[in-house]
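# Descriptive structure summary
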Amino acid sequence: MDPVVVGSPTFGQLFQTLLPGNYGGHPETIYSQPLVYTTSDGIQYVFVATTQNNLYKLDAKTGAIVAQRNLHIPFLAADLDGCVDISPHVGVTATGVIDPTTDTLYLTCKTYVDQTQINVAQGRPAGRYYLHAINLNDLSERANFPVDLEGTVALNNPIRSFNGGIHHQRPALLHSGQFIYAGFASHCVKWNFTGWIMGWNKDTGANVERFATEGLGVPNTTPGGGVWMSGGGLASDDAGSMFFATGNGYASQLNTIPVNGRDPPTALEEAAVHMTINMDGSLTIVDFFMPWEKTQLDGADRDLGTSPLELLPSEFSCGDIKRIGVVTGKSGKTYWLNLDDLGGYQNGPNKLDNVIEVYQNENSVYAGAGVYPLEGGYIYINVIQYPTHVFKFSCNNGVPSFTKVADSPTNNAYILGVGHGTTTSLNGQAGTGLVWTSDVEGFNLKIYNAVPVNGNMTMINSFNIPGITKFTRPVFGDGRVYLGTTKGYLYGFGAPVNLPLNCSLPYNFGTANLNTSTTATTITCKANIALTISSIALSGNANFKVTGLPTTPFAAAAGSTFSFQAYFAPQSVGPLSSNVLVTTINSVAGYSAATPISLQGNGQSVNALLSITPITLAFQGLVTGEQFGGVNQSVIFNNLGNSPLTITNIQYSLVSETGPFVPANGTAANSQAGAFTFIGLPTTIPGNSGVTVTVNFNTDVSGNFATYISVISNGGTVAFDVVGTSGSQPIAVVEFQTPDELGWVEYTNTTTFTFGNVTENTTKFLKLRVTNNATAESARLSLTVSKPPFGVAGIIGTNNNVDLAEGTSLAPGENATATMYCSAPKTQWNTYSYNGTATWEMNVNDPNFTKQSIPFFCEAVAEQAPPLQSNGYGYYRYEGCYKDNNPNRQLQTQLYGSNNNTIKMCIAACAAGGYTYCGLQYNRECWAGPKIPVLEVDDDNCNYPCSGNVNEICGGNGVGDGAGGAYISLFSNTQSLPDAPLTGPFVNPGVDGYTSIGCYTEATNSRALPFGQTIVNKSVANCVAACSAAANYIYAGVEYGGECWCGNVFSAGAVPAPITDSNATEYCGAGNRLNVYKLNSALQPNSSVSSSTLNTSASTISPTSTNTSMPVSITSYTATPTQSGPAIKYQVGNWAFQGCFTEATTGRALQVSTFANDSMTLELCSAFCAGNSMFGVEYGRECYCGNTLGAGSVKATIQSDCNFRCPGNVMEYCGAGNRLELYSLISSISSTSILVSSTTSILISSSAPTLVSTTLPPTTKSSGMPTGPTIVPSASGYNYLGCYTEGVNTRALSGGLYANDSMTIQMCAVSCSAYTYFGAEYSRECWCGNSFGAGANLTSNSNCSMACAGDSTEYCGAGNRLSVYMKGSASSSAIRSSPALNSSIVSSSLVVSSSLSSKSSTSDPSSTATPTTTVRFVSTGNVNFTYYACASEPSSGRLLPTQVENNGTSMTIERCLGECWQYAYAGVEYGRECWCGNVLNVNGNAGANPSTNMTDASCNFICPGNSTEYCGAGSKLSLYWFDEVKAVRNGGGRKS
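Residues numbered from 1 in each chain as written. Predicted model: local features only at pLDDT ≥ 70, side-chain atom pairs only at ≥ 80, totals over all residues. Heavy atoms only, no water.

## Comments concerning the overall build of the protein
Note the threshold: Where helices and strands are cited, they refer to DSSP runs of H or I of at least four residues and of E of at least two residues respectively, numbered from the N terminus. Here a residue-residue contact requires only that any non-hydrogen atoms of the pair lie within 4.5 Å. Surface accessibility in these figures is a Shrake-Rupley result with a 1.4 Å probe; residues are shielded only by whichever protein chains are displayed.
A tally of helices and strands in the protein yields 9 helices and 111 strands. Of the contacts made within the protein by residues no fewer than 6 positions apart, 69% connect residues no fewer than 24 positions apart. For the protein, the exposed area adds up to about 58600 Å²; of that, 51% sits on carbon and sulfur atoms.

## Description of the sheet that holds strand β59 (residues 744-746)
As a reminder, the rule being used: Two strands pair if DSSP finds at least two bridges between them. Axes here mean lines fitted to C-alpha atoms, for a helix over just the part in contact, with angles spanning 0 to 180 degrees between N-to-C directions.
Read from one edge of the open sheet, 5 strands run β59-β58-β61-β65-β63, paired in antiparallel fashion. Both outer strands of the open sheet, β59 and β63 (796-798), are each paired with one neighbouring strand and no more. Each strand axis lies, on average, 30° off the axis of its neighbour in the sheet, ignoring direction. Bridge analysis of strand β61 (residues 762-772) against strand β65 (residues 815-824) gives 10 bridges, and the strand direction is antiparallel. Across the sheet, residue T762 finds its bridge partner in β65, namely A824.

## Section: the packing of aromatic side chains
Note the cut-off: Only centres within 6.5 Å qualify two rings of Phe, Tyr or Trp (six-membered ring in Trp) as a pair; their planes then separate them into stacked at under 30 degrees, edge-to-face at over 60, and tilted for everything else.
Under the defined criterion, the tally for this structure stands at 61 aromatic pairs. Aromatic pair Y832 and Y873: ring centres 4.8 Å apart, planes at 75°, arrangement edge-to-face. Residue Y832 is located in the loop between β65 and β66 (834-844), and its partner Y873 is located in the loop between β67 (852-861) and β68 (876-883); the two are separated by 41 residues in the primary sequence. Among the aromatic residues, those joined into a ring-pair cluster are F11, W436, F463, F476, Y489, Y491 and F493.

## Some points on a nonpolar patch on the surface
The condition is simple: Patch membership requires over 30% relative accessible area and the absence of a salt bridge. Like charges are linked within 9 Å, and nonpolar side chains (Val, Leu, Ile, Met, Phe, Trp, Tyr) within 5 Å. Put simply, a salt bridge is a Lys or Arg side-chain nitrogen that is within 4 Å of an Asp or Glu carboxyl oxygen.
A grouping of L654, V655 and V662 is seen on the molecular surface, where their side chains present a nonpolar patch of about 250 Å² in accessible area. Within the secondary structure, V662 is located in strand β50 (residues 661-662).

## Notes on the sheet that holds strand β48 (residues 631-639)
Reading across the sheet, the 6 strands line up as β46-β48-β55-β53-β52-β51 and stay open at both edges, with antiparallel pairing between neighbours. Every other strand in the sheet has two partners, leaving β46 (610-613) and β51 (665-666) as the edge strands with one partner each. Taken together, the 4 bridges between strand β52 (residues 670-673) and strand β53 (residues 676-679) define a ladder with antiparallel strand orientation. By the bridge assignment, N670 is partnered in β53 with I679.

## Here's the deal with the nonpolar core
Heads up, the condition is: In these notes, a set of buried Ala, Val, Leu, Ile, Met, Phe, Trp, Tyr and Cys residues joined through side-chain atoms within 4.5 Å is what counts as a nonpolar core. Only protein chains enter the accessibility calculation, which uses a 1.4 Å probe; a residue is then buried when its area is under 20% of its type maximum, exposed when over 50%, and partly exposed in between.
The biggest cluster of nonpolar side chains holds 35 residues, and the ones touching the most others in it are Y181, I197, L234, M242, F244 and L337. Contributing elements (two or more residues each) for this core: β14 (179-186), β16 (207-212), β18 (241-245), β19 (272-277), β20 (283-290) and β23 (333-338). Discounting chain neighbours no more than four positions away, the residues touching M242 are L174, Y181, I197, L234, A235, V273, H274, M275, I277 and L283. A732, Y747, L783 and I796 belong to the second largest nonpolar core, which has 31 residues in total.

As structure tokens, this is what we get:
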């Protein structure tokens, strides 16, 4: 890029192309960088991939789209629980990479498993990532691609698997030789993610690396170490090395002990990482760096890896340090690293950082550094909310240094978004460097000269580009520049190809001394077309002069020439340039209006010339005492002249640059004045050289400090200033306005900020305020994380994404605010209130603050017309819009017609007349009646304003197909006015030989009546008929408004209850209560009864319907006719009420998934949470799912705290503010299941039938049942099929994967309900499918020996083994055998290791098995290791040489095998010792008795971390060997 052209008026926008994608009504968004590439046809194109997973090929000159392709439907941000950093789609967000040898583009796409559900949020478990290889000539897919990444297991931590829904691929891809690599992190640091580096063979798509940054020994519940780098790329030196940086994490393996860089931890969090790329594409860690304050950075979410680790060109080498890298994090620190010795952890002086240099910027940095290697070398750091800083490279006595010498003239954007630093030059020529900066505010594209002047960058051009993408950067091709936007446009900038004049540019005058002039050079211009020269002028500095200019304007014919002279008169040293701009008038298409002429020269000084940069050195925002030994920066003393420079004196003042001067402490070379020490002061400097002086600021004392220095030399006297501020830690105070806007409420982690009540059709605005409440000398407060509820669904939100944005910085005493709103939509009068909630994720650099999810609450209320109940609601409730004249008038009595008609007036008239139903119609009419109208329609049909208040609705004339009709706005007295007569319905006295015997509770631990019947029409008669037809049961009971249950006896705990315990307004029981009917029994009245006569339709008491009615004289229970208010629902479907619970201390009590709905009911939430073991409803409208409760979530002390009504059913409670109405899944066996008692002998069919004693779980738990795992025979319509191996080079079941640390068989069954088969594996993985993959075979049940992660009483497969279930099949379990098995099936309880000793547990047919208290077994191994034997130690020496762990509390076989993953053998001894080795020392030491194989029963010490398995014994090891074939097949591990 030629700076003369770029800075001229001819450089501008060439095109803006709108990409046509419009998924879900939204325009395209471009987060990956466009790629400019010339294909085999010789034409240059721009390739653009979008978040809608569309790929476009555009002509680089015109911007015309020449080809496009959709790769997948995009993943929706709606599935990310409020994480809207990239919204509304997450498709292609990482910059791809092109292999020029094959014209192939490699990129990743995020999508869903089901491509048929268009614009549907399918949930995070359905998220998928694919790697594509695209032929750039026709956009077709290369063979062997795309590659599905789902379920990929980490090589360095086999318990980690990749889930596309929760991970995010943001860094640019890397192509190195035969391999392609990509890095992964998370969305908003949510869920159980880990950072990943994955690699593939570029031709076959075969995976060659799957490295997790949370590596070996880190539990799969510990998140962190994301590789995202604000979209910057993985880096390679093209010599077999890869470099990258990671974000914060929670393993925190390193704390206070220094660690060498060559001995990296397995958790690479907050790290700069160096890996070697092996011949097979695998990666090996070589070196790492981790900041000394790593744990503090984690606590404040201050990622090191917010910018990429960049490799500087060789021009930046110095002495023995040949390769230098630079990385800057969210803490604002820029680190210059020795790439060949990154520095490890706390290896510097005083346990600080062992790096080349550290610079503390004022705020966070989310952009890679700009790098300009010419003219001495410069680095550019783009700081949020502050100027871009320029650092000058220097090398003194073999020591490299980077000194801040300049700033950009304006600040970068206040909010996140300033892009990665980008530099260009014209064919590598000095003096032609440019720095390009994109930003989301102000000028969106700014172009500066690369070399600053007098401490400032010079901007030569700028452009506004609406919707510029955050963290982006311009890309270049053939003198043009391209940028994408969030509004779906690709912009192209450049200069027209044709210039009207040929002036033979540029003109270089060579080197000249200061204040002398060169010989004039004649500049001749030839007209390429006929034109008029309107002006000729010199632009730029005064280092160049022009003479002999022709008088303008004048006409020039095509081919004619004109001339003038120019000379060079340098006023400063170094490369200098200016432009002569010739402006023309022409009418020929394709030619510019101006021609720039570049003048270049190099100024020099014969004499010594002193220069010091920067002239002001500032230490800002430092925390007193935080860094031992103080903080260093540097200044450069330059001799810009050719002659040697001698410094004769250095003077120091603590007052001003003019004195008074004071003597410095220390030596001449290392002087201390005030709070600053100057290290390495020179006395002489050779010509055209520089010396870097280190300045140390002592931060032991708080305050503001300054020292003024005057340097006197034979090259002039130069003054420079050093200032510094050190103070205490910032103190964050977060407050929210009170609903009356008169005060503020301070936030604590138990505070919910509330808007109070907001009336329908109004909006309330309140402010959130953040204050730095520290003392005046303290450090600035920075918002390191800020995720406001902007652009999210619901009635609460923020006005913008700018106020209190991430990166906001506040001085002590300073505050900033953001305006939030609660907007209640228009609703009818006398509707129930509902609430809205939202959260703001926030963290700051106050170490006592920690990351917070700040909750907000708003109650949306409707106007209420009297008469009012005690709770403030009107007795008359809005029912909806009803059709009138259907066919007759629906409400018979008109109370009035009035031009003053309002809802309040009409309801008052209805109440005075004692009417049940009240309707408003035709703007001005009020009607009433005793019966509800027949047909309810959509509320849109009621569209008339009330004549007395245009903001109210009084009927309507319909819309759409219903237009022209008559419609009523209907209200009903559903709770009866005071003294209103009681109405039915009542308890059905009995039917068909069954008589009501009263209301009964459910049983204590099971169903009162165990046999459920399905009835379509919910009535007592139909339930009685079903129980009679099924088995002529004695009892029939109706519950929950229609569930039908039968039995011959009541289960324990089912007892009569007062009739008021059931809902006596319904015929069919209530929550946890049954209306029970007994065959051939007399009616059993309650103690309080009254006589009445009911006309009961025969159709309601007989299975056969007739049109006759008969009088039935009954004794009915005294009961309230309607439920007087909401009540706790003790059971919702298959979920049981657990109580009112608090939220967790930090985070959510239930964290798997959530949604909110303004029509929330308990039933709606339970359906959404299918597949989880718990659900809870909070704030009335929020639904949360999970399998475990977060820390601090406990049963509320006051259970009545959960008092918010469900907006979709006001007779239910839906939690409250910070309180959950909590339900858990009831484990039950369906009536179609085979019920087996806890001790049953079962005949097994096989080639040699053997009677096997099988222990299965009892139908109800008792104190005598086994506590070890058993095979679940059936779940949700699936029956156990057997234990199956994984497939060969494929998955046994590949239709879907759902992994969960609370996995149960029931959960897996629900998750796979759309498939024929499901299988549980590795205790936590659930796999679905409709067929088996090749090589998946039935094996012994004993091989499926891992307990389910969410229920230790169930088996969930094992390593490479699946507990498989089939929909609708006969239960197999231990009952079924297979032709593939020649041996007898072993006991499913696995009391002994029969699978290993090839024995089965048999018994006499008359015998019965006695359940053991705890079931234990010998573990068969994991994905890498296979059980060998119980082996004795030799009498002298060790069978295995290396003890890696001695753990008396948590040792398990799995734990030890994971520790020994790099060895050939592993063994556990004494229950707690884990030993590894590559050879077996069978003979032991000389003269020892050798090791021998013992019986399995000899290894009988129980594992302390898993009481169901054995961990060796005294001098005996449970021995395992590394099964290479199994390990390769599983992809679960690798030996080194």
